[in-house]
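Okay, here's what each chain looks like letter by letter:
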Amino acid sequence: MIHSLFLVNSSGDIFLEKHWKSVVSRSVCDYFFEAQERASEPENVPPVIPTPHHYLINVFRHKIFFVAVIQTEVPPLFVIEFLHRVVDTFQDYFGVCSEAAIKDNVVVVYELLEEMLDNGFPLATESNILKELIKPPTILRTVVNTITGSTNVGEQLPTGQLSVVPWRRTGVKYTNNEAYFDVVEEIDAIIDKSGSTITAEIQGVIDACVKLTGMPDLTLSFMNPRLLDDVSFHPCVRFKRWEAERILSFIPPDGNFRLLSYHVSSQNLVAIPVYVKHNITFREGSSQGRFELTLGPKQTMGKAVESVLVSSQMPRGVLNVNLTPSQGTYTFDPVTKLLSWDVGKINPQKLPSLKGSMSLQTGASKPDENPTFNIQFKIQQLAISGLKVNRLDMYGEKYKPFKGIKYMTKAGKFQVRT
Amino acid sequence: MEWASQLCENRHIGSKMTDSKYFTTTKKGEIFELKAELNSDKKEKKKEAVKKVIASMTVGKDVSALFPDVVNCMQTDNLELKKLVYLYLMNYAKSQPDMAIMAVNTFVKDCEDPNPLIRALAVRTMGCIRVDKITEYLCEPLRKCLKDEDPYVRKTAAVCVAKLHDINAQLVEDQGFLDTLKDLISDSNPMVVANAVAALSEIAESHPNSNLLDLNPQSINKLLTALNECTEWGQIFILDCLANYTPRDDRESQSICERVTPRLSHANSAVVLSAVKVLMKFMEMLPKDLDYYGTLLKKLAPPLVTLLSAEPELQYVALRNINLIVQKRPEILKHEMKVFFVKYNDPIYVKLEKLDIMIRLASQANIAQVLAELKEYATEVDVDFVRKAVRAIGRCAIKVEQSAERCVSTLLDLIQTKVNYVVQEAIVVIKDIFRKYPNKYESVIATLCENLDSLDEPEARAAMIWIVGEYAERIDNADELLESFLEGFHDESTQVQLQLLTAIVKLFLKKPTETQELVQQVLSLATQDSDNPDLRDRGYIYWRLLSTDPVAAKEVVLAEKPLISEETDLIEPTLLEELICHIGTLASVYHKPPSAFVEGSRGVQHRRLPARAGSGESSESPDVGQPVGAVPDTPPAVIPSQGDLLGDLLNLDLAPPTSSAPTVTPSMQMGAMDLLGGGLDSLLGGDIAGSPAMGAGLASAPVVMPASLGAPVSSGLDDLFDLGGGVGMPTGAFVVPKTIWLPAMKAKGLEISGTFARRAGVIQMELSLTNKAMSVMTDFAIQFNRNSFGLAPAGPLQVLTPLSPNQTTEISLPLSNVGPVMKMEPLNNLQVAVKNNIDVFYFSCQYPISILFVEEGKMERQVFLATWKDIPNDNETQYQIKDCHLNSDAATTRLQSSNIFTIAKRTVEGQDMLYQSIKLTNGIWVLVELRVQTGSPNYMLSVKCRAPEVAQLVYQCYEMVLKN
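Overview of the structure. The shown structure was predicted, so the numbers you read here are calculated from the model rather than taken from an experiment.

## Points about the nonpolar core
Residues and elements named next belong to chain A. The biggest cluster of nonpolar side chains holds 281 residues, and the ones touching the most others in it are Phe66 and Phe90. Setting aside residues up to four positions removed in sequence, Phe90 forms contacts with Leu7, Phe66, Gly95, Val96, Cys97, Ile102, Val109, Leu112 and Leu113. Core analysis: the second largest hydrophobic core is formed by 73 residues, Cys236, Leu260, Val276 and Val310 among them.

Written as C-alpha cells, this is what we have:
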C-alpha cells in the first residue's frame, strides 16, 4: 500500500514528508528529480517513476508535486485517486492548496494525513467525516483555541463512518434548509482549420450544495434522462433505481459534493457554440506575417457567450506582434511566445476581431508549425447538451426546503487548429 | 539568548496565528527550551510544545532527544494531545526501543477505553510502532479488538494484523491471527470485510502459495454483498480480490459479472478499472453467442472513454491499460477512435500513449481520419511526438494495406516540408513500407534521394543506404550516391557502415562492370581498417563469397527477404493474458509480468485467463486454449529443467530453423530429410518408393495408413530416433518443479512441497519436508488413499533423523502401481496422509500422467494402424497446443524423453504428422497424432484411446513437455 508521501515545491525542495510504514529516506526523491529534469515542463513529468526498490507515483497540482512512494504492487490509479483526495482535502480545509498554506497549517496537515491513511490503507477520506475528526482551521477558532485551550480535534467517534450512509454525518441542523444544484457542462472539442469539427464531447457534472436538516432522502428526475448513458455517480446514489427508472434517488452528504459526472460523446448531440475565422500567413523570405482572427457565435440557443479568452502558443520564429483588437485587450509575451486575447462578451451584431502583423526573425525560414487557438468561454443558463432537471423531491423530513438549479456551459479543452 | 528567542516568539504571535510559528529555525538550546515546556504544568503550554516538536519532526529535524518528555505527555484526556504524542511515538520508537516500552502500559489501558475511538486509535498506533518488544505486548489487546463489539475497532484491528505481519510474520501465524482475519471476511459490516480482504491480500503477497484468500462460492457471495456497501477504497480491494477467483462455470461467471457491472459507474477511476479487470477476466468464460456477452462488451466502452476525460495522470494509467484491452478485445473500442485524438496541450506522456492506441485501432474504416490527424501531429512542436507521429503513418501503411498509397503520399508531403527530423523519420518508415510492399512505390525514390544530404542520424542514413542498395538497378547514379557516403566511412556509426557494405556489394552484383573499384574499396575499408568484428566478419564473408562463387553470392545477398509482419509490437499472447489478469496494476503500466519487477513479492503466481465453457467451439475460436480446470492447479514452470536444455541442444543439431534462406541449409539437414522421406515412402509400400518427393501421395489418406504395410522398416529413421532417445532419456524426462502441497499453517508447522518424477523406470514422489514450527518433528509416515492407477508407496517414508525447527529434508519416495484402485475425480488426483509425532495431516495433489508412461510404450507400426482403426472415432479427442515453437524433430526428441514414442512421421503440404504411442502402467495404450505446421506455433493434437478419460491428461502432459 502507500508507503510514504513527499511534497515537493517547484524549486525542488521537499517541504513535507509523511511515512505510514517504516521511514523511507528522502533520497528516494532523487529519482523523481532526475525525471523532473528530463521533462521540459512540470506537467510532463511521467506519473509513474520506477526506482530500484520503490515506485514513485506523482501528481502535479497547484505548483506542488505530491510524490507517493510504494513498494509492492499497488494499483497506480488507487494511489493517484488518493493523492487527488489529499489535494481536495487541503483545498477544502485551507481554502487554497499552496506551499504557504500547508506550512502554515502543518500540524493539521499531519493530523489529516494520519487520519486519511492507516498503514497505507485509506481510512477516512470523506470530507464530512474528516471534518468531524479534525475541525478545519478558521481565524476565529484559532483565536478561541488559544484563549480557551480547546483543540481542533473532535472528541466524538465519527458516527458517520459506521452508519449505512457513511458519507453523511448525523445530527445535522440548519435554520435555513436549502439544496442547490449546478449543472455544469464543459465542451472539449478539436476544430480543424476549415472549421469542421474533428471531435467534440461534453463532460458534464452536477455539483450540489445541500444544507438540509436530519436525514433527507432526495429524488431528482430529468426531462431527458436518455442523454445520460455514460455516468459516474457519487456513492450515495441508488444505482438500482437509476437502472430501472432513470431517477436519481439518494441521501445526500452534508455540504458540497459532486452528485454525478457524465459524458456525452455522440457527435450530433454536441453543439459548437462559437466559430473562429482566422488567417495567419507567413511569407517566405519576408520578416512580416499577417494575422487575422474573428470570433462569432454559432449554436448558442439564443444565449450570450461571455468571458471569452483566446490564447495561443505562437511559433518560435515570431519575434513580436502588432495587433489591434476590436474589443478587449491582448498581450503577447515575446519570451514564451504566448498570445492571449481577453475578448469578454461576443456581440453578434459586431463580431470581435484581432488583426495586425507579426514580425519574424529576419533571415529565418518561415515557421513549420501552425499555432493552435485555445478558446475559453462561458454561457450562463444553458446546458449545451440540452439536459434539464424535471423535479426535485424530498422525503423523510417534514420541512420544506428551498431548492435551486443553475445551468452553465463552459469551454473545456476547446482547440481550433490553423 | 533568552531575550532573542522571546523577541522571536512575540513577533510570531504578532504576525499570524498559524502553525508557521513552529518553524523557527533550530537554534542551540531550542531542544532544552522545548524540554522545559514539555514538562510544564500548564496544559496549554505542553500542547504547544508538542506541536512544535511535531512540526520539527515533519520537516525532518531530529527531535528524538525529547522522547521521554514527550511520552510523559501521553497520559492525558485531551484527544488532540494524545494523537500528537502517538504521531511522535510512531516516528521515533524505532530509534528508542527501550523508551518505547514505557508507553506500552498506556496503550494497553487505552485499548480498554469505553470510547471506541480511543480503542481504535490505540490499537492502530501500537501496530505502527515497529519495535519487536512492543509487538509481544500487542497480541492480547489486538485479539480483543479483533472481536470488539464496535465495527470501527474491528476494521482498524484488521489492518493492524497486516502491520504486525510486516514486522513479525511468524508471530501472526503462531497467534492464529490469520484465521481470525479470515473469519472477518464473513463479518456483518462491509467495511470490516473490505479491510480484512485488504489485509489478507497484502499478507498473501508474501505467501504466494498459501491459501489465505481461499475463495469459494459462499465467500464470493459475501464479498459481492459487501462490495455494494463499502467505501470506494474497500471496493477496490474487494474487486482485486474477486479477480483472483476462478468461477466454476459460465453461469457463476455471469452472475458475478452482473453484480460487478454497476461499479463501472463509480466516480473513482480505480474502482472502475478494477471492475474492468474482473469483467475482462470473467467474460472469457462466457460463451460468445450469449446475449449477455454482447451486452457486457457494450457496457465496457463508455467507462473506458470516460477515464480519458480525467486528469492526465489518470489518463496515462488508463491508456496503458486500454492498450492491453484493445489488443485482447479490439471490438470494445473500435468505434471510439476519436477519443484518442491528441489535444495539443496534453502532456507528452499522454500524447505518445494515445498515438499507440490510434495505430492499434486503425482499420480500413477509419484510416482516412487517422491519417489526417497524424499529418496534423507531424507539424507540432514537440520533436519526440512528431517523430512518433511520422513513424505511426508508416505503421498504418503496413497495417492497412488499402491505405498504403495514401500513407506514402502523406509521407512525401511531409518530406517536402524539409523539416530535418521529419524527413529523417519519414525515410526510416518508407524503408519499412518498401519491405512490406516490394516493387510498388519505388517511384518515390527520386524524392528521397534529393534529401540525402540533410540526413544526419544513423538510422535515417542506414535506411537511405539500404534503399539505394536494394533498388540500385533503378537509380542511375547509385554508385555516386554510395560513394559519397563512403568518403566519411570511418566516422559513421556501425549501423551505417554495415548497411553501406551490404549496399555496395548489392550494387556490385547488380552492376558489376562499373563498380568493381567501389566494392574493393569498401571491402578493404571493412576488413583492414575497421576494428569492429561484426563489420570485419561481414566484409570477409562477402569477399570470400564474391571471390569463390559470384553466383552463390548473388543468391545469398540478393535473396528474397521474408515479409515483415503487420504488427511488430504486439504483446506476446501468454503475457497479454497474464497482463489482462493484472489490469490496473503496475504490471499493466509497464506491460511486464509482476514477477519481472515487483520487489518483495516472492514467487508471484502467474495468472491465466479462465477458459470458456462449452468445448464445442474450441477449434474455431482462437483465444480458447485451455479447457476448464486445467490451468489453476498446475503452476507453470519458470526454470527450464535440464532435459529442456538438452532438448534444445538436440533441436539445434537436428534441424536448423526452416524459415532461413534455402541456400544456407546445411547438407546434414538434407540428409535427415532424405532419410525421413525414404522411410515414409517405404512405409507406403512399393509404388512410389524411391521417389524423392516426400509423401505427396499421402494427401489422399491423411489419417488411415494403408493396412498392407509390409515394407522393411527404415533403419535410418530408427537410428535417428534412437540417438535422440539415447541422449535424452536418462535425465531428460520433464519434471514439474516442486509446489507446496501442504502449507505450514494447515499442518501445525509442517510444510510439504513436492513433485513427481519417473526416473529409470521407477515412479518417484519427491518431497521436501520443512519444519516451520518451534519443536522437533519425528515419527513420519505416509499413506495414500485408493486412486485411479493404484499408486502406493513402495516403502516407508524414510526420514532418518528428527526434523528440527527450520530444517528441511528432501526425500525421494519410490512408488509402485499395485495398490488398490478407485477412480478419482480428476483422474490424476492423489489423496495423501502424512503422520508425524504431532498429528496426522491430509492433503491432495495431482500427478502428471507422464509418470505413468512406461518405457516399453513403442507400438509396432502395423499394430498401431490396426489399433487406430479399431478404436471408435467417438473416442478421438482433439486439442490445440498454442505457441509451441519447436519443430517436429525437436518435439519428437523431447516427447521421447517422456516415453512418448514416435512411430512414424509424414510430411504433407508443409505439415508434419507424427504418429505416437504411449503405454500406461496399467496397460492402457494411448495413440496420438500430432500435426505440426511449419511456421505456425500451433500444434493440433488428436488423441485416441480406449479409455477416453485420459485424453485430457495426455493433452496436459504434451502441453507441459513441449513448452518446458
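From this point, things continue past the structure.
## Considerations on the interface of chain A and chain B
Every contact between the two is made by 98 residues of chain A and, on the other side, 95 residues of chain B. In total, about 8,300 Å² of surface goes out of reach between chain A and chain B, with carbon and sulfur atoms giving 57% of it. In this assembly, chain A and chain B are joined by nine salt bridges. Inspection of the chain A/chain B interface yields 22 residue pairs in polar contact (both at pLDDT 80 or more). If one sorts the elements of the side of chain A that touches chain B by residue count, helix α2 (residues 76-94) of chain A sits on top with eight residues. Its residues assigned to classes, the side of chain A that touches chain B comprises 41 nonpolar, 30 polar and 27 charged.

## Points about the packing of helix α20 (residues 367-377) of chain B against helix α22 (residues 404-416) of chain B
Residue and element names in this part refer to chain B. Direction vectors running N to C along α20 and α22 enclose 15°, while the axes themselves pass 11 Å from each other. By the angle class used here, α20 and α22 are roughly parallel. Taken as a pair, α20 and α22 cross one another with a handedness that is right-handed. Contacts between α20 and α22 involve Ala368, Leu371 and Lys375 from the first element and Arg406, Cys407, Thr410 and Asp413 from the second. Across the contact of α20 with α22, the residue classes tally to three nonpolar, one polar and three charged.

## Points about the pattern of salt bridges
In the structure shown here, the tally under the stated rule is 59 salt bridges over all chains. The salt bridge partner of Arg85 of chain A is Glu81 of chain A, with a shortest N-O separation of 3.6 Å. Of the two residues, Arg85 of chain A and Glu81 of chain A both sit in helix α2, four residues apart, roughly one turn of that helix. For the salt bridge of Lys277 of chain B with Asp240 of chain B, the shortest nitrogen-to-oxygen distance reads 3.1 Å. One end of the pair, Lys277 of chain B, is in helix α16 (residues 269-282); the other, Asp240 of chain B, is in helix α14 (residues 232-242), and 37 residues separate them in sequence. Like Asp240 of chain B, Lys277 of chain B is buried. Connected through shared salt-bridge partners, Lys18, Glu114, Glu115 and Asp118 of chain A together with Arg124 and Lys163 of chain B make up one network.

## Considering the environment of Lys345 of chain A
Summarising the element assignment, Lys345 of chain A is placed in the loop between β19 (338-344) and β20 (353-360). The contacts of Lys345 of chain A, once residues within four sequence positions are left out, are Ala304, Val305, Glu306 and Gln327 of chain A.

## Quick word on the pairing of β20 of chain A
Every other side chain in a regular strand lies on the same face of the sheet, so the side chains alternate between the two faces. Residues and elements named next belong to chain A. In this structure, strand β15 (residues 288-297) lies alongside β20, joined through seven bridges in antiparallel fashion. When the sheet's bridge partners are listed, Thr294 is paired in β20 with Ser353. Pairing analysis gives seven bridges linking strand β17 (residues 318-325) to β20, with the strands arranged antiparallel. When the sheet's bridge partners are listed, Leu323 is paired in β20 with Gly356.

## Looking at the side chain of Glu425 of chain B
Residues and elements named next belong to chain B. Mapped onto the elements, Glu425 comes out in helix α23 (residues 420-436). Reaching out from Glu425, the side chain makes a polar contact with the side chain of Arg391 at a distance of 2.4 Å. Filtering out sequence-adjacent residues up to four positions away, Glu425 remains in contact with Arg387, Val390 and Arg391.

## Re the side chain of Thr770 of chain B
All names here are of chain B. Residue placement: Thr770 occurs in strand β3 (residues 762-771). Looking at Thr770, the relative accessible area reads 12%, which means it is buried. Here Thr808 takes part through its side chain, which lies 3.3 Å from a polar atom of the side chain of Thr770.

## Some thoughts on the pairing of strand β16 (residues 306-313) of chain A
All names here are of chain A. Strand direction decides the pairing type here: β16 and strand β21 (residues 372-380), joined by five bridges, are antiparallel. If you follow Val310 over to β21, its bridge partner there is Ile375. With six bridges joining them, β16 and β19 adopt antiparallel strand pairing. Bridge pairing in β19 links Val308 to Gly344.

## Re the sheet that holds β15 of chain A
Residue and element names in this part refer to chain A. Spatially, four strands are ordered β14-β15-β20-β17 in an open sheet, and the strand pairing comes out antiparallel. Each end of this open sheet is capped by a strand with a single partner; those strands are β14 (274-282) and β17. On average, adjacent strands in this sheet sit at an angle of 15° to one another, irrespective of strand direction.

## Concerning the sheet that holds strand β22 (residues 389-395) of chain A
All names here are of chain A. Read across the open sheet, the three strands follow the order β12-β10-β22; overall the sheet is antiparallel. Taken across any chain shown, the strands that pair with only one partner, and hence form the sheet edges, are β12 (247-250) and β22. If you compare each strand with its neighbour and ignore which way they point, the axes differ by 15° on average. As judged from the six bridges shared by strand β10 (residues 217-222) and β22, these two strands associate in the antiparallel manner. Paired with Leu220 across the strands is Leu392, a residue of β22.

## Some words on unusual backbone geometry
Cis geometry marks the peptide bond from Glu825 of chain B to Pro826 of chain B; its omega dihedral reads -10°. Structurally, Pro826 of chain B is set in the loop between β6 (808-816) and β7 (829-835). Even without being a glycine, His62 of chain A presents a positive backbone phi close to 50°. Note that His62 of chain A resides in the loop between β4 (55-61) and β5 (64-70). With a phi angle near 55°, Asn119 of chain A is a residue other than glycine that sits in the positive phi range.

## Remarks on the packing of aromatic side chains
Two numbers describe a pair of aromatic rings. These are the distance of the centres and the angle of the planes. Applying the stated criterion across every chain, the model contains 30 aromatic pairs over all chains. Seen in terms of ring centroids, Tyr879 of chain B and Tyr955 of chain B are 4.4 Å apart; in terms of plane orientation they differ by 5°. Their pairing is stacked. Placement of the pair is Tyr879 of chain B in strand β9 (residues 876-881) and Tyr955 of chain B in helix α38 (residues 950-963), with a sequence separation of 76 residues. Side by side, Tyr879 of chain B and Tyr955 of chain B carry an identical accessibility label, which is buried. Put simply, the rings of Trp20, Phe78, Phe82 and Phe121 of chain A together with Trp233 and Phe237 of chain B touch in pairs and so form one group of aromatic residues. For the cation-ring pair, Lys18 of chain A lies above Tyr110 of chain A, with the distance from its terminal atom to the ring centre recorded as 4.9 Å. The ring centre of Tyr407 of chain A lies 5.8 Å from the NZ or CZ of Lys388 of chain A, which sits over that ring.

Parameters and conventions
- Residues numbered from 1 in each chain as written.
- Chains lettered and ligands numbered in written order.
- Predicted model: local features only at pLDDT ≥ 70, side-chain atom pairs only at ≥ 80, totals over all residues.
- Heavy atoms only, no water.
- Core = buried A, V, L, I, M, F, W, Y, C linked by side-chain atoms within 4.5 Å.
- Buried < 20%, exposed > 50% of the residue type's maximum accessible area, 1.4 Å probe, protein only.
- Contact = heavy atoms within 4.5 Å.
- Buried area = accessible area lost by both parts, 1.4 Å probe.
- Salt bridge = Lys/Arg side-chain N within 4 Å of Asp/Glu carboxyl O.
- Polar contact = N/O pair within 3.5 Å; in protein donor to acceptor, adjacent residues only side chain to side chain.
- Helix = DSSP H or I, 4+ residues; strand = E, 2+ residues; numbered from the N terminus.
- Nonpolar A, V, L, I, M, F, W, Y, C, P; charged D, E, K, R; others polar.
- Axes fitted to C-alpha atoms, helices over the stretch in contact; angles between N-to-C directions.
- Parallel < 35°, antiparallel > 145°, perpendicular 65-115°, else oblique.
- Left-handed = near helix turned anticlockwise from the far one by under 90°.
- Pairing = 2+ DSSP bridges.
- Phe/Tyr/Trp six-rings, centres within 6.5 Å; stacked < 30°, edge-to-face > 60°.
- Lys NZ or Arg CZ within 6 Å of the ring centre and 35° of its normal.

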